[in-house]
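A structural walkthrough
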Amino acid sequence: MSTPILQLTSLPPTKHNNTEPPPRIEAASTLALESLPHLISLIPKCTSLRELKQIQAHTIKTHLQNDTNVLTKLINFCTSNPTTASMEHAHHLFDKIPQPDIFLFNSLARGYARSDDPFKAIILFSRVLCSGLLPDDYTFSSLLKACSRVKALQEGKQLHCLAFKLGVSDNMYVSPTLINMYTACDDIDAAKRVFGKIDEPCVVAYNAIITSCARKSQPTEALALFRELQEAGLKPTYVTMLVVLSSCALLGALDLGRWIHEYVKKYGFDQYVKVNTALIDMYSKCGSLDDAVKVFRSMDRRDTQAWSAMIVAYATHGHGSQAMSLLEEMKKEKVQPDEITFLGILYACSHNGLVEEGYEYFRSMTHEYGIVPSIKHYGCMVDLLGRAGRLDEAYKFIDELPIKPTPILWRTLLSACSSHGNVEMGKQVMQRISELDDSHGGDYVLLSNLCARSGRWDDVSHLRRMMIDKGAGKIPGCSSIEVNNVVHEFFSGDGVHFTSSVLHHALDELVKELKLAGYVPDTSLVFHAGMEDEEKEMILRYHSEKLAITFGLLNTPPGTTIRVVKNLRVCVDCHNAAKFISLIFGRQIILRDVQRFHHFKDGKCSCGEYW
């Protein structure tokens, strides 16, 4: 929001407006007043806005339409399950009250905060302040939730200032919503400052800051805060467990995730379907598909999200047929698939080259289940066609979409152009990307590498100059591995200047052994004109994946599975090296990159070279 709605530099004068009942237009009859309790008791039993309006019509006939209790119940009903129509009606009722109290405003604000137009709560609040009403802790809770939903940082800051002036900023209801608001508005540092000023944070405040760290890809901090919560003697909630499990999933920390699973069982959190679903997701993302299946099959009750999580798990691990079989099982159990279910299925088709099956599922999603495709579903279809080499078809698919394509869709196609060596289409796609967003360094790198493989060095030089001019940076490759409950991170190039360390010496020796077994470094992947092969090989050697795998070989017992998480797509050379390592050392290596899992065993990969 560029211009703040609220101006909260000073507090309005206090009005004591609830000592006298509001004036009534007409005196209600004694008989009507006697029926008032019964009438009020009927309001919560309404099943629709139409029924509510019938009761309201009766209050008008009996001259009770201005009774504060009646109006309060009517407004509360409208805001309990807010729709556009119900909130308009609630607002209309609120405007009829000559002197509404803060409790009625809180009800209206709570409804707006959960509605499709949350910012109306903030606009209304500025009017309420002018009337002299003072907000309470419940007021701030609803308004800050509204700010979170519309990312209204400036208004959120003003509310924070007002809460501080009124002495409620550390309130158990206000501080967590402040943390959530700052996180939603991408100000994680402010969220941490709010948490740091709470003298004795409750579990709700801990949940808010742990969630904030997890959402902002700071899983290590989230887990550290979870330990702090335990040391403070606070009992976590199922919400805590959801966030902690998602943090383990982000890190790929399987051992820690297994410990959390035991904690979940010990304290009865496994009764929650959402926690079990989070366990499925955690085990899948940590590379243990078998554990994910065990959790899924042990569940007494499974909702759509649980089925979808298991389908996505099968898909990301390259088990397309199991994912499709599970969808059929889901249908037999009369569980309705949702958009996430079909994302998993389309993903499974994409990574197994099942183009026609993918088209069929895409059609059934809309025709049979009435699910409107999102940009992610369109992305899966572009990826499906691109991987199969049907680049022209993918280009046409994007061009004919019923919605405006995003840069991500074109980037998906650019990646396919790179994989299939189609320079001309790659340049066309790059032009389409530049029209939408020309600041993403990865686009230039991808096209530059594609041109370099074709020997088009003038194009390479031009693209690199453009990168410099636009300040577009390249994301460094990073791989992590968990050993003895500690997650270790490695960045590509770490070893170039530190070859004397134990790790890098071990990697040098490892490469020698791999070469004896037939491994040949693919120096064609290093695109620098005039660079000698020996220099190119050195760059390839110290890729983050190789560093992490070598660390795993050094620090885990023989035969132990090595699990590595990569922030980018695994490179072809590291993929080949991992196959040789799995063969020579008899180790299973499970590598999770940004797109899928690769399970290396006995010199082969589960992807079947289709990745």
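Residues numbered from 1 in each chain as written. Predicted model: local features only at pLDDT ≥ 70, side-chain atom pairs only at ≥ 80, totals over all residues. Heavy atoms only, no water.

Now for the pairing of strand 1 (residues 478–483). Taking burial as the measure, the six residues of strand 1 include six buried ones, the bulk of the element. Alternating residues of strand 1 divide into Cys-478, Ser-480 and Glu-482 and Ser-479, Ile-481 and Val-483, and every residue in both groups is buried. In terms of strand pairing, strand 1 meets strand 2 (residues 486–491) through six bridges, oriented antiparallel. When the bridges of strand 2 are listed, Ser-479 appears paired with Phe-490. Between strand 1 and strand 2, which pair antiparallel in sequence order, lie two residues; one of them, Asn-484, sits at a positive phi of approximately 55 degrees. Sheet analysis places strand 1 next to strand 3 (residues 562–566), joined by three bridges and oriented antiparallel. Paired with Ser-479 across the two strands is Lys-566, which belongs to strand 3. (Buried < 20%, exposed > 50% of the residue type's maximum accessible area, 1.4 Å probe, protein only. Helix = DSSP H or I, 4+ residues; strand = E, 2+ residues; numbered from the N terminus. Pairing = 2+ DSSP bridges.)

On to helix 4 (residues 84–96), then. For helix 4, built from 13 residues, the straight-helix expectation of 18 Å at 1.5 Å per residue is met to within 8% by its first-to-last C-alpha distance of 19 Å. Those residues of helix 4 lying buried are Ser-86, Met-87, His-89, Ala-90, His-91, Leu-93 and Phe-94. Tucked into the core, helix 4 has its buried residues touching helix 2 (49–61), helix 3 (68–80), helix 5 (102–113) and helix 6 (119–130). (Expected span 1.5 Å × (residues − 1). Contact = heavy atoms within 4.5 Å.)

Right, let's get into the sheet that holds strand 1. If you walk across this open sheet you meet the six strands as 2-1-3-4-5-6, and the pairing is mixed. The strands lining the two open edges of the sheet, one partner per strand, are strand 2 and strand 6 (604–605). Pairing of strand 3 with strand 4 (residues 589–592) involves four bridges; the strand directions are parallel. By the bridge assignment for strand 4, Ile-562 is matched with Ile-589.

Along the polypeptide, Asp-291 turns up in helix 16 (residues 289–298). With relative accessibility at 14%, the residue Asp-291 sits in the buried group. Setting aside chain neighbours within four positions, we find Asp-291 in contact with Arg-258 and Tyr-283.

Moving on, we come to unusual backbone geometry. Its identity is not glycine, yet Lys-151 carries a phi of approximately 55 degrees, on the positive side. Residue placement: Lys-151 occurs in the loop between helix 7 (137–150) and helix 8 (153–165). In this structure Lys-151 comes out as partly exposed when scored by relative accessible area, which is 47%.

Here we take up the nonpolar core. Counting 154 residues, the largest nonpolar core has Phe-105, Ile-210, Met-310, Leu-413 and Val-429 as the members making the most contacts within it. Not counting residues up to four positions away in its chain, the partners in contact with Met-310 are Ile-280, Leu-289, Ala-292, Val-293, Phe-296 and Leu-326. Membership of the second largest hydrophobic core comes to 28 residues, among which are Val-483, Leu-547, Ala-548 and Leu-553. (Core = buried A, V, L, I, M, F, W, Y, C linked by side-chain atoms within 4.5 Å.)

Throughout the structure, instances matching the rule amount to 24 salt bridges. For Lys-265, the salt bridge goes to Glu-262, with nearest N and O atoms at 3.1 Å. On the criterion of helical spacing, the pair formed by Lys-265 and Glu-262 is a turn pair, its members being three residues apart in helix 14 (residues 254–266). With a relative accessible area of 40%, Lys-265 lands in the partly exposed category. (Salt bridge = Lys/Arg side-chain N within 4 Å of Asp/Glu carboxyl O.)

Residues Ile-589 and Leu-591 line one face of strand 4 and the alternating positions Ile-590 and Arg-592 line the opposite face, and both faces are buried. Traced from strand 3 through helix 30 (residues 572–585) to strand 4, the parallel crossover comes out right-handed. In this structure, strand 4 lies alongside strand 5 (residues 597–601), joined through four bridges in antiparallel fashion. If you follow Ile-590 over to strand 5, its bridge partner there is His-599. Count of turn residues in the strand 4/strand 5 antiparallel hairpin: four residues. (Right-handed = clockwise from strand over helix to strand, strands pointing away.)

All right, on to the state of the cysteines then. With the rule as written, the count across this model stands at zero disulfides. Here Cys-213 stays unpaired: no disulfide links it, and the sulfur of Cys-248, its closest cysteine neighbor, is 14 Å away. The closest cysteine sulfur to the non-disulfide-bonded Cys-451 is located on Cys-417, 11 Å from its own sulfur. (Disulfide = S-S within 2.5 Å.)

Looking now at the confidence of the model for the protein chain. Of all residues in the protein chain, 91% attain a pLDDT of 70 or more, and the chain-wide mean is 87. The low-confidence segment residues 8–27 (pLDDT under 50) makes 30 contacts with residues lying over four places distant or belonging to another chain. (pLDDT = per-residue confidence, 0-100.)

This paragraph deals with a nonpolar patch on the surface. A grouping of Tyr-138, Met-172 and Tyr-173 is seen on the molecular surface, where their side chains present a nonpolar patch of about 310 Å² in accessible area. You can see Tyr-138 is positioned in helix 7. Accessibility expressed as a relative area gives 45% for Tyr-138, which makes it partly exposed. (Patch = residues over 30% accessible without salt bridge, like charges linked within 9 Å, V, L, I, M, F, W, Y side chains within 5 Å. Areas by Shrake-Rupley, 256 points an atom, 1.4 Å probe, with all protein chains shown as cover.)

Before going further, it helps to spend a moment on helix 10 (residues 188–196). Of all the residues in helix 10, the buried ones are Ile-188, Ala-190, Ala-191, Val-194 and Phe-195. One face of helix 10 carries all of its buried residues, which in axial projection span an arc of 160 degrees. Those residues of helix 10 that are buried are in contact with helix 8, helix 9 (174–184), helix 11 (203–215) and helix 12 (219–231). (Arc of directions from axis to C-beta.)

Another point: a negative patch on the surface. A cluster of like negative charges, contributed by Glu-532, Asp-533, Glu-534 and Glu-535, occupies part of the molecular surface. Positionally, Glu-535 belongs in helix 28 (residues 533–541). (Lys, Arg positive; Asp, Glu negative; His and termini not counted. Charge placed at Lys NZ, Arg CZ, Asp CG, Glu CD.)

A few words on the environment of Lys-274. As for its placement among the helices and strands, Lys-274 is situated in helix 15 (residues 273–285). Sequence spacing of Lys-274 and Arg-302 is 28 residues, and the spatial spacing of their C-alpha atoms is 9.3 Å. Non-local contacts of Lys-274, meaning those with residues more than four positions away in its chain, are made with Tyr-238 and Leu-242.

Moving on, we come to the side chain of Thr-556. Assignment of secondary structure puts Thr-556 in the loop between helix 29 (544–555) and strand 3. Discounting chain neighbours no more than four positions away, the residues touching Thr-556 are Val-483, Ile-562 and Arg-587.

Looking now at the packing of aromatic side chains. Any pair of aromatic rings gets described here by the distance separating the centres and the angle formed by the planes. Counted by the stated rule, this structure contains 15 aromatic pairs. Centroid distance Trp-259 to Tyr-263: 5.7 Å. Interplanar angle 35 degrees. Geometry classified as tilted. Of this pair, Trp-259 and Tyr-263 are both found in helix 14, four residues apart, which corresponds to roughly one turn of the helix. For Trp-259, a relative accessible area of 44% gives the class partly exposed. A connected cluster of aromatic rings, assembled from ring pairs, spans Phe-226, Trp-259, Tyr-263 and Tyr-267. The ring of Phe-296 has Arg-302 lying over it, and the distance from NZ or CZ to the ring centre is 4.4 Å. Directly above the ring of Trp-307 sits Arg-302, whose terminal nitrogen or CZ lies 5.4 Å from the centroid. (Phe/Tyr/Trp six-rings, centres within 6.5 Å; stacked < 30°, edge-to-face > 60°. Lys NZ or Arg CZ within 6 Å of the ring centre and 35° of its normal.)

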